[in-house]
Amino acid sequence: MDRIDALKSIAAQAGRGDLHFPTHVDATLKLQRALADPACHIDEAARLVQTEPLLAARTVAIANSAAYNRFGNDVTNVKAAVARVGFRTLGALAAAVIVRQLASEIHDPALRAKADQLWLHSTHVAALSQVIARRVSFVDPETAMFAGIVHEVGGFYLLSRAPEFPGLLDGGADEWIEHGETAIGRGVLLKLGVPAPVMGAIEALWNGMRALPPETLGDTLLLANDLAPVPSPLLERDPGIPGVQVGATIDFAVGEGTLNTILQESEDEVKSLTAALA
């Protein structure tokens with residue numbers, strides 16, 4: 001089976017909801033659904049979070065990041081961290097754990113390197129989306145961060161299936177964009193129960209249409225994706241190709257300042273969020 005046929009096969013399976021997840025992903029999906037229940041109390045949420053050590057560690061780290069800890073008062077337990085970040089951020093962190101778990105069974109060094117780069121790209125996009133939403137586009141920052149975390153989940157699923165299809169990753173970005181990115185990404189996002197507004201923003205990213213300055217969640221995600229210093233390994237192109245956006249060249253007026261001044265002022269927040277997620 002050649003690469004395009006393999007991509008089409010995986011995409012068709014994803015479209016039918018026939019997805020192969022590691023066992024611990026299913027367990028975290030159940031945890032995510034429990035946390036999303038409006039009746040879930042903070043004590044129960046903290047108990048549930050503590051059943052997943054990675055989620056517990058990420059929750060405390062995010063709560064102590066510059067974006068959430070404005071006054072330098074560190075929290076030292078999960079319940080206090082949950083109270084500080086809120087349930088929506090907690091849902092985003094659960095999604096981050098799921099995304100990482102998709103790549104946990106990858107043992108091939110080359111595939112593992114791609115998965116690590118893809119996650120680093122995702123953490124930058126998530127952190128930038130949160131800051132851009134809060135200070136530029138004025139859409140919900142927590143939803144924007146969630147969109148950044150999950151926007152490449154189809155890519156992680158592809159990497160998790162790559163050992164079954166020799167040569168699956170040998171082609172260029174164009175084949176992934178045409179035959180896999182949208183179909184596979186949509187299928188995995190639906191499986192994860194991603195809300196419609198986030199699905200719409202990621203669809204906008206796939207379509208590549210946005211406004212500057214950003215006005216919508218989709219615009220916010222697209223801008224963060226362009227600004228991310230680490231590219232997706234599935235979409236890397238020759239920088240000399242016309243139309244390839246260079247993040248360092250993007251700037252525009254925002255109120256009395258510019259995008260670049262806002263990003264400079266928010267540099268510590270972006271770094272701390274990226275580090276906490278990574």
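Higher on the page you've got the structure.
Every value quoted in this text rests on a predicted model; they were computed, and no experiment measured them. Here the residue numbering is sequential within each chain, running from 1 through the sequence in written order. Where local features are concerned, this predicted model is filtered to residues with pLDDT of at least 70; where side-chain atom pairs are given and counted, the filter is 80 or more; whole-chain, interface and lining totals use all residues. Side-chain descriptors were evaluated using all non-hydrogen atoms of the structure, hydrogens and water having been removed beforehand.

**Student:** Explain the environment of Gly218 to me, using residue names and the numbers behind them.
**Tutor:** Tracing the backbone through its elements, the reader meets Gly218 in helix α11 (residues 217-227). Between the C-alpha atoms of Gly218 and Trp206, which are twelve residues apart in sequence, the distance is 9.8 Å. Those residues in contact with Gly218, other than ones at most four positions away along the chain, are Ala201 and Ala204. In DSSP terms, a helix is any run of H or I states spanning at least four residues, a strand is any run of E spanning at least two, and both are numbered starting from the N terminus. For this analysis, residues touch if any pair of their heavy atoms sits within 4.5 Å.

**Student:** How would you summarise the pattern of salt bridges if you had to cite specific residues and measurements?
**Tutor:** Think of a salt bridge as a Lys or Arg side-chain nitrogen and an Asp or Glu carboxyl oxygen that are within 4 Å of each other. In this structure the tally under the stated criterion is eleven salt bridges. A salt bridge links Asp116 to Arg100; the shortest N-O distance between them is 3.7 Å. Here the residue Asp116 occupies a position in helix α6 (residues 109-137), and Arg100 occupies one in helix α5 (residues 78-102), the gap between them amounting to 16 residues. When a residue's accessible area, from a 1.4 Å probe over protein chains only, is under 20% of the maximum for its type it is buried; when over 50% it is exposed; and in between it is partly exposed. Here Asp116 falls in the partly exposed class, since its relative accessible area comes to 36%. Using a relative accessible area of 17% as the deciding quantity, one classes Arg100 as buried. A single network of salt bridges, built from pairs that share partners, joins Arg100, Arg112 and Asp116.

**Student:** Account for the layout of surface pockets, naming residues and giving values.
**Tutor:** Grid points spaced at 1 Å over the protein atoms alone were grouped into cavities, where a 1.4 Å probe fits but cannot get out, and pockets, open sets with protein on both sides within 12 Å along at least five of seven lines, with lining residues defined by an atom within 4 Å of a point. Grid points are joined across faces, edges and corners, and a volume is the space filled by probe spheres set on the points. A volume near 460 Å³ is recorded for the second largest pocket. Taken together, 21 residues line the second largest pocket, and the ones lying closest to its centre are Ala36, Arg88, Gly91, Phe146 and Pro195. Of all the secondary-structure elements, those providing two or more residues to the lining of the second largest pocket are α2 (23-35), α5, α7 (141-150) and α10 (196-207). Each residue is assigned to one class: nonpolar for Ala, Val, Leu, Ile, Met, Phe, Trp, Tyr, Cys and Pro, charged for Asp, Glu, Lys and Arg, and polar for all the others, Gly among them. Classifying every residue of the lining of the second largest pocket by side-chain character gives twelve nonpolar, four polar and five charged.

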